[in-house]
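One-letter residues, chain by chain:
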Amino acid sequence: MTIHHLQLRLMGVALCLSVIFVLDTQQVTAVHQLWLPLTLALGAYLMTLSVMAITITVGTLAVLNMDLGASYWVYAIAYPSLGLLCGLITAFILWQRFRLRIAATHDARWADRQTRDQDRSDTPSPGDGDHFNQ
């Protein structure tokens, strides 16, 4: 781990601790219901340096806490939008990882096919010569 990563992770710990210190989930304000939890997610990202882990966590919590029939905009609009955005980001990351995996193994698979084809063409078949009739 480089010193830069250590500094980022320590900043993440400090950010998470400061948010946890002031966060009050019982208050129905945008600060306590949306912005502080998103700041907590930013701190968690700085600690883990994993976009995928954060999008899965934030998306799951947003979907679990959304209420489409609520009159408060955070529950009715922000949480569903956040869940959708996190789902799209997660799907994009999975698609990119899939494409990179396919690209990384493409040359190895192609070389293996070429080797198998070469081996097949080098092996004589039963009717190719008199050495089978001896």
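### Comments concerning the nonpolar core
The tendency in soluble globular proteins is for nonpolar side chains to be buried side by side.
Okay, step 1: Membership of the largest hydrophobic core comes to 13 residues, with the highest contact counts inside it found for Leu34, Ile54, Val58, Val74, Tyr79 and Leu82.
Okay, step 2: Where this core is concerned, the elements lending two or more residues are α2 (30-48), α3 (51-65) and α4 (73-122).
Okay, step 3: Top contributing element to this core by residue count: α4, with five residues.
Okay, step 4: With sequence-adjacent residues up to four places away left out, Leu34 is seen in contact with Thr29, Trp73, Val74, Ala78, Tyr79 and Leu82.

### Focus: unusual backbone geometry
Okay, step 1: At Leu49, a position not held by glycine, the phi torsion is positive, near 55°.
Okay, step 2: Mapped onto the elements of the fold, Leu49 is located in the loop between α2 and α3.
Okay, step 3: A relative accessible area of 27% means that Leu49 is categorised as partly exposed.

### So, the packing of helix α1 (residues 3-22) against α2
Okay, step 1: For the pair α1 and α2, interaxial distance at closest approach is 7 Å and the crossing angle is 155°. As far as their axial angle goes, α2 and α1 are roughly antiparallel. Crossing of α1 against α2: the hand is left-handed. Every residue of α2 that contacts α1 at Leu8, Arg9, Met11, Gly12, Val13, Leu15, Cys16, Val19, Ile20 and Val22 is listed here: His32, Leu36, Thr39, Leu40, Leu42, Gly43, Ala44, Leu46, Met47 and Thr48.

### Some remarks on a nonpolar patch on the surface
Okay, step 1: A contiguous nonpolar patch, built from Val31, Trp35, Trp73 and Ile77 and spanning about 430 Å² of accessible area, is present on the exposed surface.
Okay, step 2: Only α2 and α4 provide two or more residues apiece to the nonpolar patch.
Okay, step 3: Here Ile77 lies in helix α4.

### Considerations on α3
Okay, step 1: With 15 residues, α3 ought to run about 21 Å at 1.5 Å a step, and its terminal C-alpha atoms sit 21 Å apart, in line with that.
Okay, step 2: Listed as buried for α3 are Met52, Ile54, Thr55, Val58, Gly59 and Ala62. Buried residues of α3, viewed axially, fall in a sector of 160°; they line one side.

### Focus on the pattern of salt bridges
Okay, step 1: A full pass over the atoms with the stated rule returns one salt bridge.
Okay, step 2: For Arg116, the salt bridge identified is with Asp112, shortest N-O distance 3.4 Å. Here the residue Arg116 and the residue Asp112 both occupy positions in helix α4, the gap between them amounting to four residues, near one helical turn.
Okay, step 3: Arg116 sits in the partly exposed class, given a relative accessible area of 39%.

Thresholds applied
- Residues numbered from 1 in each chain as written.
- Predicted model: local features only at pLDDT ≥ 70, side-chain atom pairs only at ≥ 80, totals over all residues.
- Heavy atoms only, no water.
- Core = buried A, V, L, I, M, F, W, Y, C linked by side-chain atoms within 4.5 Å.
- Buried < 20%, exposed > 50% of the residue type's maximum accessible area, 1.4 Å probe, protein only.
- Helix = DSSP H or I, 4+ residues; strand = E, 2+ residues; numbered from the N terminus.
- Contact = heavy atoms within 4.5 Å.
- Axes fitted to C-alpha atoms, helices over the stretch in contact; angles between N-to-C directions.
- Parallel < 35°, antiparallel > 145°, perpendicular 65-115°, else oblique.
- Left-handed = near helix turned anticlockwise from the far one by under 90°.
- Patch = residues over 30% accessible without salt bridge, like charges linked within 9 Å, V, L, I, M, F, W, Y side chains within 5 Å.
- Areas by Shrake-Rupley, 256 points an atom, 1.4 Å probe, with all protein chains shown as cover.
- Salt bridge = Lys/Arg side-chain N within 4 Å of Asp/Glu carboxyl O.
- Expected span 1.5 Å × (residues − 1).
- Arc of directions from axis to C-beta.

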